[in-house]
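# A look at the structure
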Amino acid sequence: MMDKVAVFGAYGHTGRFVVDELQARGFVPILSGRDAGRLAAAAASGLEARPASVDDPASLDRALAGAAAVVNTAGPFAATAAPMIEAALRAGIPYVDVAAEIEANADTFANFARRAGGTPIVPAMAFFGGFGDLLATAALDGRTEADEVHVAYGLSGWHPTRGTRDAGAVSRRRRDGRRVRYSGGRLEYRDDQPPTLEWPFPAPLGPRTVIGEYAMADVVTVPSHLSVPEVTTYMTTEAARDIADPGTPAPAPADERGRSAQTFLVDVVVRSGGTERRAVARGRDIYAVTAPLAVEAVHRLLTGQARTAGVASAGAIFDAPGFLRALSSHISVDLPA
């Protein structure tokens, strides 16, 4: 019997990719979300639809009934993560989300670390947060300490979804408009401008101007299980300009899988004691690639391949090199020998 997996926010941009990937991997998606009309349209192909709202715990319980796991793709996660985790704990099933919000992910670790028990809770199992954490963990090759972790995002551009824009607005309000970085072993909130520098991306991208200390969810996931006092993320200036411009349109499909034309190169450099190790990943469409990341996580959680339980980032709960290599049909990865 194929496992049923609930997808909350199933009609959203990333949610649709997750539903398709679940079906491709042999799972049976249960579609859920607040908007009954959009949900019915998404389920027109014959999938089961279960309307639910984070304001109605009973509706969430009905949505998860009979599911083996749940994937939360509905942001802003500041509003959806905690209620969905509570529902997953009541159901006793693994929870995975694709949150890129720094504050929401920090809340998940802070609020559920002691309550999760043996139920796996994996936040930020997405391009931002989980992917960088897997690459950094793989680069460390079994080590659990480093002096610095640098995650450089080489995006060809960034056409944000409505969900990305909404989540970013929530994060800015929570920070009072300040920027954030991870330094000295803690999150710092600052009012100054981030630095701009050149990052030596490997081929085919090559050196590019980036915004330094452009903090993404990696500043929560990486230090959640690795002893690293300095975690810095960088973003190509083209992508940063795109997402800062309110006029930048949403991503448009450009192939038969619905992926946009956006390409990415993620360059992770880990430094410790004068040595440097690097892990590099290349692929297409940061939203589309989130789906195989989340679904591979579900597969491993349901087949006994988790290395721990409770709240854990991708690098802590999974075999990072094996996980990344399992996605070879979606990404190309160069890991240290």
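Below is a short write-up of the structure.

### Considerations on the pairing of strand β11 (residues 207-211)
- As paired elements, strand β10 (residues 196-200) and β11 share five bridges and run antiparallel to each other. Bridging across to β11, Thr-196 finds its partner in Ile-211.
- Note: β11 against strand β12 (residues 230-236), two bridges, orientation antiparallel. For Val-210, the partnering residue across the bridge sits in β12 and is Thr-236.

### Quick look at the pattern of salt bridges
- Scanning the entire structure with this criterion turns up 23 salt bridges.
- Across the pair Glu-188 and Arg-181 runs a salt bridge whose closest N-O atoms are separated by 2.8 Å. Like Arg-181, Glu-188 is buried.
- Salt-bridge contacts for Glu-213 lead to Arg-181; the nearest nitrogen and oxygen are separated by 3.0 Å. With Glu-213 in the loop between β11 and α8 (218-221) and Arg-181 in strand β8 (residues 179-183), the pair connects residues that are 32 residues apart, well separated along the chain. Per residue, the accessibility class of Glu-213 equals that of Arg-181, and both read buried.
- Salt bridges sharing partners connect three or more residues here, namely Arg-179, Arg-181, Arg-186, Glu-188, Arg-190, Asp-192 and Glu-213.

### Brief notes about the pairing of strand β2 (residues 28-33)
- Where burial is concerned, most of β2 is hidden: five out of the six residues are buried.
- When strand β1 (residues 4-8) meets β2, the two strands line up parallel, connected through five bridges. Paired with Val-7 across the strands is Leu-31, a residue of β2.
- Taken together, β1, helix α1 (residues 13-24) and β2 constitute a β-α-β crossover, and its handedness is right-handed.
- Judged from the four bridges that link them, β2 and strand β3 (residues 48-51) form a sheet pairing that is parallel. Bridged to Ser-32 within β3 is Arg-50.
- In terms of handedness, the path from β2 via helix α2 (residues 36-42) over to β3 forms a crossover that is right-handed.

### Focus: helix α3 (residues 57-64)
- Listed as buried for α3 are Ser-59, Leu-60, Ala-63 and Leu-64. Around the axis of α3, the buried residues are gathered within 130° of arc, so they sit on the same side.
- Looking at the buried residues of α3, the elements they touch are β1, β2, β3, β4 (69-72) and α4 (77-91).
- Positive backbone phi, at 80°, marks Gly-66, one or two positions downstream of α3.

### Topic: the side chain of Arg-181
- At 3.0 Å, the side chain of Arg-181 forms a polar contact with the side chain of Glu-213.
- Ignoring anything within four residues of it in the chain, the contact list for Arg-181 reads Arg-186, Leu-187, Glu-188, Arg-190, Glu-213 and Ala-215.

### Observations concerning the packing of aromatic side chains
- Enumeration over the complete set of coordinates arrives at nine aromatic pairs.
- Between Phe-128 and Tyr-153, the aromatic rings sit 4.9 Å apart at their centres with planes inclined by 70°, giving edge-to-face as the arrangement. Residue Phe-128 is located in helix α6 (residues 127-140), and its partner Tyr-153 is located in strand β7 (residues 148-155); the two are separated by 25 residues in the primary sequence.
- Residue classification places Phe-128 among the buried positions, given a relative accessible area of 6%.

### With respect to unusual backbone geometry
- Note that the residue after Gly-75, namely Pro-76, is joined by a cis bond; omega there is -5°.
- Examined against the element boundaries, Pro-76 turns out to sit in the loop between β4 and α4.
- Backbone torsion omega between Ala-203 and Pro-204 reads 5°, so that peptide bond is classified as cis.
- Tracing the chain through its elements places Pro-204 in the loop between β10 and β11.
- Positive phi, normally seen in glycine, also occurs at Ala-124, with a value near 60°.
- A residue is classified by how much of its surface remains accessible, and Ala-124, at 0% relative accessible area, is buried.
- Positive phi outside glycine occurs at Asp-176, with the angle close to 55°.
- Note on placement: Asp-176 falls in the loop between α7 (162-174) and β8.

What counts, and at which threshold
Residues numbered from 1 in each chain as written. Predicted model: local features only at pLDDT ≥ 70, side-chain atom pairs only at ≥ 80, totals over all residues. Heavy atoms only, no water. Pairing = 2+ DSSP bridges. Helix = DSSP H or I, 4+ residues; strand = E, 2+ residues; numbered from the N terminus. Salt bridge = Lys/Arg side-chain N within 4 Å of Asp/Glu carboxyl O. Buried < 20%, exposed > 50% of the residue type's maximum accessible area, 1.4 Å probe, protein only. Right-handed = clockwise from strand over helix to strand, strands pointing away. Arc of directions from axis to C-beta. Contact = heavy atoms within 4.5 Å. Polar contact = N/O pair within 3.5 Å; in protein donor to acceptor, adjacent residues only side chain to side chain. Phe/Tyr/Trp six-rings, centres within 6.5 Å; stacked < 30°, edge-to-face > 60°.

The values reported here are purely geometric and, on their own, carry no functional implication.
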